[in-house]
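Read off the chains here:
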Amino acid sequence: MNFDPRLTNRDFTAVGTRPIRPDGIDKVTGRARYGADFNMAGQLVGRILRSPHAHARIRKIDTSKAEKLPGVKAVITAADLPDFTNGDAAMYDILDNCMARRKALYDGHAVAAVAAIDARTARQALKLISVDYEVLAHVTDVDEAFRHGAPLINDAIFTEGLEEKPVKPSNVAKRTQYGHGDVHKGFSEADFIVERSFRTEQTHQGYIEPHACVASVGADGMAELWVCTQGPFVYRQHCAQLLGMEASKLRVTSSEIGGGFGGKTHVWAEPVALALSRKAGRPVKLVMTREEVFRASGPTSATSIDVKIGAKKDGTITAAEATLRYSCGPYPGMWAEVGAMTAFACYKLDNVRTVGFEVLVNRPKTAAYRAPSAPMAAFAVESTIDELARKVGMDAVDFRIRNAAQEGTRASYGPVYGPIGIGPTLEAVKNHAHMKAPLAKNQGRGMACGFWFNFGGQTCVDLNIGMDGSVSLAVGTVDVGGSRASLSLVAAEELGIDYGQVKAIVADTSSLGYNDMTDGSRGTFSSSMATISAARNAIRILRERAAQMWDIPADDVVWEKGRAIAKGEKYGNLSPLSLKEIAATSGTT
């Protein structure tokens, strides 16, 4: 279905209201079930042994004593997770991150795991596993890792994106460049130039709920995974591939999620839990401790960013460039690439260039965190913009308004913008009472711009109308911030019914078609479009059912405010039919 992105000024009856959230009562009364709240009969407790070294070669792992401990039902190492990635480098990195193979690449890297009858036995078993390490030099700082001569983390990484193919491995996994125009010419035309460098440190998402799952692999090869995740379908695909299973044999159910912010878009312990269950022949529950979450699950990148911007006396930016170095843990990522995309995306620039470098460090594998990479780039660029505005002698808001991107602007990362609201938004900021309110002692006022983009991706919903007129909406994007309420409002709006008639649920992977990860601000965006499409298809069927009940052509039936109406004076004797009335006779129509 095609959608027109332009504003239509439509009046809404449901969208824009503030109803009770469908998950609200369960959450405030403690009935909602999160990752660690699920249990299965006969389940074992899983625990993971983690490297105490930031960089070390694994010479040997001896699990014999742990295997003999009473109550231990399974012990696994990388040998129990053979490589089924078939040359897929990205999947191999995920496999290696779940269980270290040749080397431990950061403090906290998993090297072995156990499943036992209780937590105490599992902890004892971990102490009985002997690992012979050869400790290697490590590097955790993004600038240090970027320098020539830094300890090499992965000898299979050769920098991508260079004009000449490198002959030596490097900690720089990739170079990405965006831009257009001639920045040298632009800077020569500038009356004022500000050039600054910035650093941001690695930051963890800090979600309240730790990673948790229950895995069960049956004797027939069928498997189930209950897990807190932002993407059950992606988890199914990844876990199945890493364990050499058919994806159709693994059903993944998403629990309520106690915060994710991008940090629950990667598999961490889930393949390990499945491997333990397969070996033990019993369900395995694995819950990370808070220490494990910080040591072994992905934070955002640490960054080192250089920014240079020039402008004329009238405030017009003549050129802008930035060099962005982003840490990505010990595996290649695309974090600097996204930072380079978004850095100057808010502005209309004739001459712009950004260069991003993905830098390997001996820290946990980086994961997304709320518009991943964009906040760090915005911090550096917007700080420089503020200083440049002061140097030019313009108000910071006016300076941004003068240079704001518009419809038809070529973005710094390539595409030409369609409708874009940054200019009107800045005008609204300028005219808002808060911008004119007097400041008390020790108070200040500042503002900044930031850019992020939506994408649709693969999205599927299932909308069913019951004979009582209730509407069940099954979605595959995880509710990380109230999307079930939003999607229920969208369905109610399209169908013309009350919000209370709609019940939205997050379906498991065996009950619905494939959905991409709930990330990048796409959940409500993409599922709303799918819901609109499903609702409009339902309206078409409702019109056909009403036509059948009236014995008139379906083309003579319209849908208005939740009712089928026979149009035309010739049908004046036919009273409108509500959704509930049509649904009640669905068994015979």
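One can find the structure itself at the top, above this paragraph.
Residues numbered from 1 in each chain as written. Predicted model: local features only at pLDDT ≥ 70, side-chain atom pairs only at ≥ 80, totals over all residues. Heavy atoms only, no water.

**Student:** Any chance you could explain the overall build of the chain here in plain terms?
**Tutor:** Within the chain one finds 16 helices and 21 strands. Along the first, second and third principal axes, the C-alpha atoms of the chain reach 90 × 75 × 55 Å. Here the chain holds 589 residues, and the buried ones make up 51% of them. Excluding contacts between residues fewer than 6 apart, the proportion of contacts in the chain whose partners are at least 24 apart in sequence is 76%. (Helix = DSSP H or I, 4+ residues; strand = E, 2+ residues; numbered from the N terminus. Buried < 20%, exposed > 50% of the residue type's maximum accessible area, 1.4 Å probe, protein only. Contact = heavy atoms within 4.5 Å.)

**Student:** Looking at this model, I keep getting lost on helix H3 (residues 89-98). Mind explaining?
**Tutor:** One turn of an α-helix holds 3.6 residues; hence residues three or four places apart share an orientation. In terms of burial, H3 is a largely internal element, seven of the ten residues being buried. Three or more residues of H3 are buried, namely Met91, Asp93, Ile94, Leu95, Asp96, Asn97 and Cys98. Contacts made by the buried residues of H3 are with strand S5 (110-116), helix H7 (232-243) and helix H8 (270-280). By the N-cap criterion, in which a side-chain oxygen at the helix start approaches the backbone nitrogen of a residue two or three places on, H3 is capped by Asp88, the distance to Ala90 being 3.1 Å. (Polar contact = N/O pair within 3.5 Å; in protein donor to acceptor, adjacent residues only side chain to side chain.)

**Student:** Please explain the packing of H3 against H7 as it appears in this structure.
**Tutor:** Any two packed helices are characterised by the angle at which their axes cross and by the distance between the axes. Taken N-terminus to C-terminus, the directions of H3 and H7 make an angle of 80°; their axes are 11 Å apart at the nearest point. In terms of axis orientation, H3 runs roughly perpendicular to H7. Two secondary-structure elements touch here, H3 through Met91, Ile94 and Leu95 and H7 through His238, Gln241 and Leu242. (Axes fitted to C-alpha atoms, helices over the stretch in contact; angles between N-to-C directions. Parallel < 35°, antiparallel > 145°, perpendicular 65-115°, else oblique.)

**Student:** Would you mind showing me how to read the environment of Val475 here?
**Tutor:** In this fold, Val475 is placed in strand S17 (residues 471-475). Relative accessible area serves as the criterion here: at 0%, Val475 is assigned to the buried category. Leaving out residues up to four positions away in the same chain, Val475 has contacts with Cys460, Val461, Leu487, Ile505, Val506, Ala507 and Leu512.

**Student:** What is the right way to read empty space enclosed by the protein from this model?
**Tutor:** Empty space among the atoms can be located by rolling a probe the size of a water molecule over them. In the structure shown here, the tally under the stated rule is two cavities of 30 Å³ or more. When its volume is computed, the largest cavity comes out at roughly 70 Å³. Elements that contribute at least two residues to the lining of the largest cavity include exactly strand S1 (44-50) and H3. Residue composition of the lining of the largest cavity, by class: eight nonpolar, three polar and one charged. Space inside the second largest cavity adds up to approximately 40 Å³. Around the second largest cavity, the lining residues are Thr342, Ala343, Cys346, Ala378, Val381, Glu382, Cys449, Gly450 and Phe451. It is helix H11 (residues 374-392) that provides the largest number of residues to the lining of the second largest cavity, a total of three residues. Along the lines of polarity and charge, the residues of the lining of the second largest cavity split into six nonpolar, two polar and one charged. (1 Å grid on protein atoms, 1.4 Å probe; cavity = no way out; pocket = protein on both sides within 12 Å on 5 of 7 lines; lining within 4 Å. Points joined across faces, edges and corners; volume = space filled by probe spheres on them. Nonpolar A, V, L, I, M, F, W, Y, C, P; charged D, E, K, R; others polar.)

**Student:** Looking at this structure, how should I read helix H12 (residues 396-403)?
**Tutor:** Of all the positions in H12, only Val397, Phe399, Arg400 and Asn403 are classed as buried. The buried residues of H12 occupy an angular sector of 160° when projected down its axis, which confines them to one face. Looking at the packing, one finds that the buried side of H12 touches strand S13 (303-311), strand S14 (317-327), H11 and helix H13 (422-431). (Arc of directions from axis to C-beta.)

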